[in-house]
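Chain residues, written in single-letter form:
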Amino acid sequence: MNILVIGGGAREHALCHALSRDPDVSALHCAPGNAGITEVATVHPVDATDGAAVAALAAEVGAELVVVGPEAPLVAGVADAVRAAGVPVFGPSADAARLEGSKAFAKEVMAAAEVPTARSYLCTTAEEVAEALDAFGPPYVVKDDGLAAGKGVVVTEDVEAARAHAAACGRVVIEEFLDGPEVSLFAVTDGETVVPLRPAQDFKRALDGDAGPNTGGMGAYSPLPWADPKLVDEVLASVLEPTVAEMRRRGTPFSGLLYAGLAITSRGVRVIEFNARFGDPETQVVLARLRSPLSALLHAAATGSLAQLPPLVWSDDAAVTVVVASDGYPEAPRTGDPIEGLAEIADEDGPESYVLHAGTRRDEDGRVLSAGGRVLSVTATGADLGEARARAYESVARVRLAGSHYRTDIAAKAAESV
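If you're wondering where the values come from, they're calculated on a predicted model, not measured in any experiment. (Residues numbered from 1 in each chain as written. Predicted model: local features only at pLDDT ≥ 70, side-chain atom pairs only at ≥ 80, totals over all residues. Heavy atoms only, no water.)

## Topic: the overall build of the protein
And step 1. Check the secondary structure of the protein and you find 14 helices and 22 strands.
And step 2. Here the C-alpha atoms of the protein give a radius of gyration of 20 Å, agreeing with the 22 Å that 2.2 N^0.38 yields for 418 residues.
And step 3. Reported as C-alpha extents along the three principal axes, the dimensions of the protein are approximately 55 × 45 × 40 Å.
And step 4. Here the protein, with 418 residues, has 57% of them falling under the buried criterion.
And step 5. Across the protein, every contact between residues at least 6 apart in sequence was considered, and the portion connecting residues at least 24 apart equals 68%.
And step 6. Carbon and sulfur atoms make up 50% of the accessible area of the protein, which totals about 16,200 Å². (Helix = DSSP H or I, 4+ residues; strand = E, 2+ residues; numbered from the N terminus. Rg over C-alpha atoms; globule rule 2.2 N^0.38 Å. Buried < 20%, exposed > 50% of the residue type's maximum accessible area, 1.4 Å probe, protein only. Contact = heavy atoms within 4.5 Å. Areas by Shrake-Rupley, 256 points an atom, 1.4 Å probe, with all protein chains shown as cover.)

## Some points on the nonpolar core
Note that soluble globular proteins tend to have their nonpolar side chains buried in a common cluster.
And step 1. Counting residues in hydrophobic clusters, the biggest one holds 75 residues, and the most contacted among them are V66, L99, L240, F274 and V320.
And step 2. If one sorts the elements of this core by residue count, helix α9 (residues 231-249) sits on top with 8 residues.
And step 3. In contact with V66, other than residues within four places in its own chain, are L4, I6, A58, V82, V87, P88, V89 and F90.
And step 4. With 40 residues, the next largest nonpolar core counts V25, L65, F186 and Y259 among its residues. (Core = buried A, V, L, I, M, F, W, Y, C linked by side-chain atoms within 4.5 Å.)

## Quick notes on the sheet that holds strand β7 (residues 140-144)
And step 1. The strand order across the open sheet built from 4 strands is β6-β9-β7-β8, with neighbouring strands paired in antiparallel fashion. Because the sheet does not close on itself, it has two edges, and the strands there are β6 (120-123) and β8 (153-156). Neighbour-to-neighbour, the strand axes of this sheet turn through a mean angle of 20 degrees, independent of strand direction.
And step 2. Strand direction decides the pairing type here: β7 and strand β9 (residues 172-175), joined by 4 bridges, are antiparallel. Counted as the bridge partner of V141 is E175 from β9. (Pairing = 2+ DSSP bridges. Axes fitted to C-alpha atoms, helices over the stretch in contact; angles between N-to-C directions.)

## A look at the packing of aromatic side chains
And step 1. Considering all chains together, one arrives at 6 aromatic pairs under this definition.
And step 2. Between Y393 and Y406, the ring centres sit 6.2 Å apart and the planes meet at 45 degrees, which makes this aromatic pair tilted. Of this pair, Y393 sits in helix α13 (residues 385-396) while Y406 sits in the loop between α13 and α14 (412-417); the two residues are 13 residues apart in sequence, bridging distant segments of the chain.
And step 3. What makes Y393 buried here is its relative accessible area of 14%.
And step 4. What makes Y406 partly exposed here is its relative accessible area of 33%.
And step 5. Through successive ring pairs, a cluster of aromatic residues spans F90, F186, Y259 and F278. (Phe/Tyr/Trp six-rings, centres within 6.5 Å; stacked < 30°, edge-to-face > 60°.)

## Digging into the environment of Y393
And step 1. Taking the C-alpha atoms as reference, Y393 lies 9.6 Å from S353; in sequence the two are 40 residues apart.
And step 2. A polar contact of 3.1 Å, which involves the side chain of Y393, links it to the backbone nitrogen of I410. (Polar contact = N/O pair within 3.5 Å; in protein donor to acceptor, adjacent residues only side chain to side chain.)

## A closer look at helix α8 (residues 159-169)
And step 1. Residues of α8 that are buried: A162, H165 and A166. An end-on view of α8 places all buried positions within 100 degrees of arc, on one side of the element. Seen from the buried face of α8, the exposed residues on the opposite side, beyond 90 degrees, are A167 and A168.
And step 2. Residues of α8 that are buried sit in contact with α7 (126-136), β7, β8 and β9. (Arc of directions from axis to C-beta.)

## Examining the pairing of strand β15 (residues 219-222)
Moving residue by residue along a regular strand, the side chains alternate between the two faces of the sheet.
And step 1. Of the two faces of β15, both are covered, the one formed by G219 and Y221 as well as the one formed by A220 and S222.
And step 2. Relative to β15, strand β12 (residues 201-202) runs antiparallel, the two sharing 2 bridges. By the bridge assignment for β15, D202 is matched with A220.
And step 3. Sheet topology note: the β15/strand β18 (residues 318-325) ladder contains 4 bridges and is antiparallel. From the neighbouring strand, S222 faces β18, where its bridge partner is A319.

## What about the side chain of T156?
And step 1. Checked against the element boundaries, T156 lands in strand β8.
And step 2. Residue classification places T156 among the buried positions, given a relative accessible area of 15%.
And step 3. Polar contacts involving the side chain of T156 include one to the main-chain amide nitrogen of D158, which spans 2.9 Å.
And step 4. Not counting chain neighbours up to four residues away, the residues in contact with T156 comprise P139, Y140, A161 and A162.

## Considering the sheet that holds strand β3 (residues 42-43)
And step 1. Strand order in the open sheet formed by 5 strands is β3-β2-β1-β4-β5, with parallel pairing between adjacent strands. The sheet is open, and its two borders are formed by β3 and β5 (89-90), each paired with just one other strand.
And step 2. As defined by bridge partners, strand β2 (residues 27-32) adjoins β3 across 2 bridges and the pair is classed as parallel. Bridging across to β3, C30 finds its partner in V43.
And step 3. The sheet strands contacting helix α1 (residues 10-20) are β1 (2-7), β2 and β4 (65-68), and the helix crosses β1 at an angle near 165 degrees.
And step 4. In the packing of helix α11 (residues 294-302) onto the sheet, contacts are made with β1, β4 and β5, and the angle to β4 comes to roughly 95 degrees.

As structure tokens, then:
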């Protein structure tokens, strides 16, 4: 199979890394890609949110499957343009991607499907914001209704900070705070059949101990030794299948990756949010554990044949990923700094530990430079979380990037609980 992956972050590198090892993949392309993806795929320049340009590129390279990684192209209708050109595509339509593109729409769907979630208000004025904040009390949860690259949510005890965030966003969803640990659960669906993947947990705050500002994610791990073994089946029955059925009932079937962000509260599982694509950095650890061919899974979802796919096979190994971020991330990330140590990781730590590039590019001399806030995802596997964690941090220590920072506590508590 000839596959084109759209995007240029660590999620797309993780997808390309898995697909490059898939014996059923004969050619692999990525657009626009990054410095790391060039090692496993042929990269092409493209505006990832331009559906016509992506469809034209798919035709040019002879793609038999297009995999759309990021949320912005999905919300912009890129998957629709590729489908209209007659190419199978993994990713929902623009109408279905509203599950991520609008928090208010997601709440509406959840209410219709009787999916458990936090009580909330949609607010468009300062008066409505004040009333909602007063109704729920601290800690205050304020979410930008639209796409915000994982940084549109503020959880704070400070009512003035909550009001300021709401004012900056304009249209917001204000909801009750959900206690308990969070879990990310991905499911692949063709609009009818829903196939859950293995759960993961990510770390949103910038600093150790869940301190500092929200980020796009500073690390993740899988499996979750503390989670109820029945969790996946419960979420499949109470969240994923009802949501897919409701989207189908509305005439906007959801095909692609449905990501449920969950809180395991004292009152049971509650949905925090839906995403319409693989999450970053959870994808890095989930795909590290998948043993079934990824191309067959994605193609089955794109062509409506998931029901015929054999059950997925998973490794018993654990996986941990640690994000190396640039100086100033997330407020004002510095870019353009050279990154060293990558060859040492490849030569001395692999194949159990490897680097997935996020915000990187190559200069005219071929050097790898930082080109974003989250620069690298160092991913490792091991017999258990402790071993995977040790390998990941051993490789992280080899990375040399001026001013960079990373969390030192990714998966620490979970590894201790085993």
